[in-house]
Amino acid sequence: MVASRSRLVVLGTGFGAFNFVKRVSDGYDVTVISPRNHFLFTPLLPSTTVGTIEFRSIIEPIRYARKEITFYHAEAIDVRTESNTISCVGIGTERGFEVPFDVLVIAVGAVSNSFGIPGVETHAYFLKELADARALRQRVIQCFELANLPSTTVERREQLLHFVVCGGGPTGVEFAAELNDFLLEDLKKSYAHLLPEARITLVEAASEILSTFDQKLRRYATTLFRRQRITVLTDSPVTRVEDGVLSLKDGSKLFFGLLLWSTGNGPTKLAQAVRLHKDERSRFVVDRFFRVQGQENIYAMGDCSVVEGAPLPATSQVAQQQGKYLARALNQRARSQPVEPFEYHHLGMLAYVGSNKALADLQNFKGRGLATWLFWRSAYLSRSVSIKNKVLVMFDWMKAKVFGRDISQF
Ligand SMILES: Cc1cc2nc3c(=O)[nH]c(=O)nc-3n(C[C@H](O)[C@H](O)[C@H](O)COP(=O)(O)OP(=O)(O)OC[C@H]3O[C@@H](n4cnc5c(N)ncnc54)[C@H](O)[C@@H]3O)c2cc1C
């Protein structure tokens, strides 16, 4: 008689889950559950908001990750440890169903955190998914079209052409940089009369932007932004957002046509709902083998987890390394081989800062400028997950260079 395979259920299709699913052995019967049926290469997501790269060039269907896979396009809403089942609701339906597991891997990532500031959820845009990038791209062009109408007043035009980014981390900085490129390289040709009025403001609550980068690189980015049309407001916590108006702690107000909110991570609905051991930020507390504290068969990794006593940054390289490690560890466990605890290898940080310039904060090298931008491009090209993605991204870069980015709104 053939022994039945362990039922391994994975929640999520992001960096952690994708790398795990690709490598875990055929000794497991793998089921993946996620509201997103594809992997998304987030480091290039800011480039899709203005059309430097097209949306479908940075995604890969999860069903391509391994030959035998059961995938449910659904959201997990609870984990029942007493019965070892997951409660799910399918996407596009309200009907729920239960999925049993022997081993569970939770890799559900995080959501954008509005920190409870009134009005953010209603009036700001976020940047986590492709749908967010598409909405941003549409809104930027819509702001220009509205500003161009003869019926638009001068005050309203000023407001529409003011693009505000809250959060001076890599995502906020990269969006501001991409938007500035879009204004100067493409929108300038079609809306030359409006361009002098277009402004970008980057608002940061702390005293500097890109706080995780080396100090010289931070200063370089700030100086570069200020030399362009990007105003950097530091020490400026936001207290309230209303329709087209943002209030700062010092009492001043910014009138905007578009507000991107990118100030950090918060827990997903699932992480909030599940009764497993969590820290004060609702991240699952795991040991160095990624077992959730107090559980033998439930693992968590990536942005939704925190390793007890050794917290790691919420980045793709952490989630990716954790996914690879956990697949290897479970394969070893299945063969009754010894398993070593996880060790993180920091590869450094990269950020695009606009005008064909980037920052690289690596272990033995701090780079900036044009050569670093070429390195940034080649690094992300080589990290794209399939040959198809690499070819499409390269083609998009060439297309944007030769023909410019598309400015149609539909
Ligand atoms: C715009 C942007 C740019 C970034 N750039 C960089 C960068 O340059 N370098 C870097 O290192 N990091 C970058 N990051 C951070 C990086 O994307 C994350 O740290 C990484 O994706 C975390 O991986 P993860 O597997 O934990 O979660 P994710 O990759 O976020 O995946 C989470 C998955 O869980 C799914 N999910 C959510 N809720 C449920 C549920 N209830 N049930 C089932 N599935 C669920 C989601 O649909 C998704 O598939 C960036 C992030 C963003 C948003």
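Not measured: the values here are computed from a predicted model. (Residues numbered from 1 in each chain as written. Predicted model: local features only at pLDDT ≥ 70, side-chain atom pairs only at ≥ 80, totals over all residues.)

### Brief notes about the sheet that holds strand S14 (residues 245-248)
The 3 strands are arranged S13-S14-S15 in an open sheet whose pairing can be described as antiparallel. Sheet topology places strand S13 (238-242) and strand S15 (253-255) at the edges, where each strand pairs with a single neighbour. Looking at each pair of strands side by side, their axes are set apart by 20° on average, direction ignored. Pairing analysis gives 4 bridges linking S13 to S14, with the strands arranged antiparallel. Considered in S14, the bridge of Val238 is made with Leu248. (Pairing = 2+ DSSP bridges. Helix = DSSP H or I, 4+ residues; strand = E, 2+ residues; numbered from the N terminus. Axes fitted to C-alpha atoms, helices over the stretch in contact; angles between N-to-C directions.)

### Topic: the site of the ligand
Near the ligand lie 34 residues; those nearest to it are Gly12, Gly14, Gly109, Gly302 and Thr315. Breaking the shell around the ligand down by element, the ones donating at least two residues are helix H1 (15-23), strand S2 (28-34), helix H2 (45-48), strand S5 (70-80), helix H6 (170-190) and helix H9 (316-334). (Near = placed C-beta within 6 Å.)

### A few points about the domain arrangement of the protein chain
Accessible area lost on assembly of the parts is the figure often given for the size of an interface. Taken domain by domain, the protein chain consists of domain 1 (6-110 + 267-334) and domain 2 (120-264 + 348-403). Computed over C-alpha atoms, the centres of domain 1 and domain 2 are 29 Å apart. In this assembly, 20 residues from domain 1 lie in contact with 23 residues from domain 2. Those elements that place two or more of their residues in the side of domain 1 that touches domain 2 are strand S3 (38-40), H2 and strand S4 (59-61). Counting residues per element, the side of domain 1 that touches domain 2 draws most heavily on H2, at 4 residues. (Domains from an automatic or database assignment. Contact = placed C-beta atoms within 7 Å.)

### Concerning the packing of H1 against H9
Interhelical geometry of H1 versus H9 gives an angle of 30° and a closest axis separation of 7 Å. By the angle between their axes, H1 is roughly parallel relative to H9. For the pair H1 and H9, the crossing hand works out as right-handed. Taken together, the residues of H9 that come into contact with H1 (itself represented by Phe15, Gly16, Ala17, Phe18, Asn19, Phe20 and Arg23) are Ser316, Ala319, Gln320, Gln322, Gly323, Lys324, Leu326, Ala327 and Arg328. Of the residues that constitute the contact of H1 with H9, the class distribution is 7 nonpolar, 6 polar and 3 charged. (Parallel < 35°, antiparallel > 145°, perpendicular 65-115°, else oblique. Left-handed = near helix turned anticlockwise from the far one by under 90°. Nonpolar A, V, L, I, M, F, W, Y, C, P; charged D, E, K, R; others polar.)

### A few points about the environment of Gly302
Structurally, Gly302 is set in the loop between strand S19 (298-300) and strand S20 (305-307). C-beta crowding within 10 Å serves as the criterion here: with 30 such atoms nearby, Gly302 is assigned to the buried category. In the structure, Gly302 is positioned 249 residues away from Ile53 in sequence and 26 Å away in space, judged by C-alpha atoms. Here Gly302 is in contact with Gly14, Phe15, Gly16, Ala107, Gly109, Ala319 and Gln322, once residues within four sequence places are set aside. (Buried ≥ 20, exposed ≤ 12 C-beta atoms within 10 Å, placed from the backbone.)

### Some remarks on the pairing of strand S11 (residues 199-203)
Among the 5 residues of S11, 4 are classified as buried, and the element is accordingly described as predominantly covered. Both strand S10 (residues 162-166) and S11 contribute to a ladder of 5 bridges, which runs parallel. Within the sheet, the bridge partner assigned to His162 lies in S11 and is Arg199. Handedness of the crossover joining S10 and S11 through H6: right-handed. Following the chain from S11 across helix H7 (residues 215-227) to the adjacent parallel strand S12 (residues 230-233), one finds a crossover that is right-handed. (Right-handed = clockwise from strand over helix to strand, strands pointing away.)

### Some details on the nonpolar core
One recurring pattern in soluble globular proteins: nonpolar side chains tend to sit buried together. Val10, Ile106, Ala107, Leu259, Leu260 and Tyr299 are the most contacted members of the largest nonpolar core, which totals 115 residues. A total of 8 residues in this core trace back to one element, the largest contributor, which is H6. The two domains that each donate at least three residues to this core are domain 1 (6-110 + 267-334) and domain 2 (120-264 + 348-403). (Core = buried A, V, L, I, M, F, W, Y, C linked by C-beta atoms within 7 Å.)

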